[in-house]
Amino acid sequence: QVQLVESGGGLVQAGGSLRLSCAASGRTFSNYNMGWFRQAPGKEREFVAAISWSGASTFYADSVKGRFTISRDNAKNTVSLQMNSLKPEDTAFYYCAANHRGISRIIVPAAYDYWGQGTQVTVSS
């Protein structure tokens, strides 16, 4: 089992920044690829960003590319999502997730084994 706890969400004006963090405990964190997903009311959960177990590879949704940066610290068992130039359409509940099945389906929610409880991000216009 891997336990994931997100933090860092909140309310920010359009154009502002937030940094989300996800703390992991349980099994060896460095064995897992990590992802961030988000879900807005009435919408399906969507991929935001992911990072391979070593940190060598990162992946982004087109909608956040150039604005968001995912990173991880395997020594501290954390993964972060730096979000800049936020837009109202970024408003959603954000979840971190752990994937032990390889990176071939890293943008697919069903490929992830463990999920955090999420943190709310609200961007006002």
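The following refers to the structure shown. (Residues numbered from 1 in each chain as written. Predicted model: local features only at pLDDT ≥ 70, side-chain atom pairs only at ≥ 80, totals over all residues. Heavy atoms only, no water.)

Attention now moves to the overall build of the protein. Across its full length, the protein carries zero helices and 11 strands. Put simply, the protein runs from its N terminus to its C terminus through helices and strands in the order β-β-β-β-β-β-β-β-β-β-β. Taking the principal axes of its C-alpha atoms as reference, the protein extends roughly 40 × 25 × 25 Å. Burial statistics for the protein: of 125 residues in total, 42% are counted as buried. Residue pairs at least 24 apart in sequence account for 58% of intrachain contacts in the protein once pairs closer than 6 positions are excluded. Put simply, the protein shows about 6300 Å² of open surface, and 48% of that area lies on carbon and sulfur atoms. Taking the average location of the 12 positive side-chain charges in the protein and that of its 8 negative ones, the two points are 4 Å from each other. (Helix = DSSP H or I, 4+ residues; strand = E, 2+ residues; numbered from the N terminus. Buried < 20%, exposed > 50% of the residue type's maximum accessible area, 1.4 Å probe, protein only. Contact = heavy atoms within 4.5 Å. Areas by Shrake-Rupley, 256 points an atom, 1.4 Å probe, with all protein chains shown as cover. Lys, Arg positive; Asp, Glu negative; His and termini not counted. Charge placed at Lys NZ, Arg CZ, Asp CG, Glu CD.)

A few words on the sheet that holds strand 8 (residues 78-83). Pairing within the open sheet is antiparallel, and its four strands lie in the order 1-3-8-7. Single-partner strands in this sheet number two, and they are strand 1 (2-7) and strand 7 (68-73). Put simply, the sheet's adjacent strands are angled 15° from each other on average, direction ignored. As paired strands, strand 3 (residues 18-26) and strand 8 are joined by six bridges and run antiparallel to one another. Note that in strand 8 the partner of cysteine 22 across the bridge is valine 79. (Pairing = 2+ DSSP bridges. Axes fitted to C-alpha atoms, helices over the stretch in contact; angles between N-to-C directions.)

Moving on to the pairing of strand 3. Pairing geometry for strand 1 and strand 3, over six bridges, is antiparallel. Each residue of the ladder has a partner; that of glutamate 6, found in strand 3, is cysteine 22.

So, on to the environment of threonine 58. Relative to the helices and strands, threonine 58 resides in strand 6 (residues 58-60). A C-alpha to C-alpha distance of 8.8 Å links threonine 58 and threonine 69, two positions 11 residues apart in sequence. Excluding residues that lie within four positions of it along the chain, threonine 58 makes contacts with Ala50, Ile51 and Ile70.

This next bit is on the state of the cysteines. Counting across every chain of the model gives one disulfide. Each sulfur in the disulfide pair cysteine 22 and cysteine 96 lies 1.9 Å from the other. Of this pair, cysteine 22 sits in strand 3 while cysteine 96 sits in strand 9 (residues 92-99); the two residues are 74 residues apart in sequence, bridging distant segments of the chain. (Disulfide = S-S within 2.5 Å.)

The next subject is the side chain of aspartate 90. Mapped onto the fold, aspartate 90 is located in the loop between strand 8 and strand 9. At 2.7 Å, the side chain of aspartate 90 and the side chain of arginine 67 are in polar contact. Beyond its immediate chain neighbours, meaning those up to four positions away, aspartate 90 contacts Arg38, Arg67, Phe68, Ser85, Val121 and Val123. (Polar contact = N/O pair within 3.5 Å; in protein donor to acceptor, adjacent residues only side chain to side chain.)

Time to look at the pairing of strand 11 (residues 119-124). Side chains Thr119, Val121 and Val123 of strand 11 all project onto a buried face; the interleaved residues Gln120, Thr122 and Ser124 project onto a face where none is buried. Here four bridges tie strand 2 (residues 10-13) to strand 11, and the two strands are oriented parallel to one another. Opposite glutamine 13, over in strand 11, you have serine 124 as the bridge partner. Here strand 9 runs beside strand 11; their pairing, made up of three bridges, is antiparallel. Looking at strand 11, one finds that phenylalanine 93 is bridged to glutamine 120.

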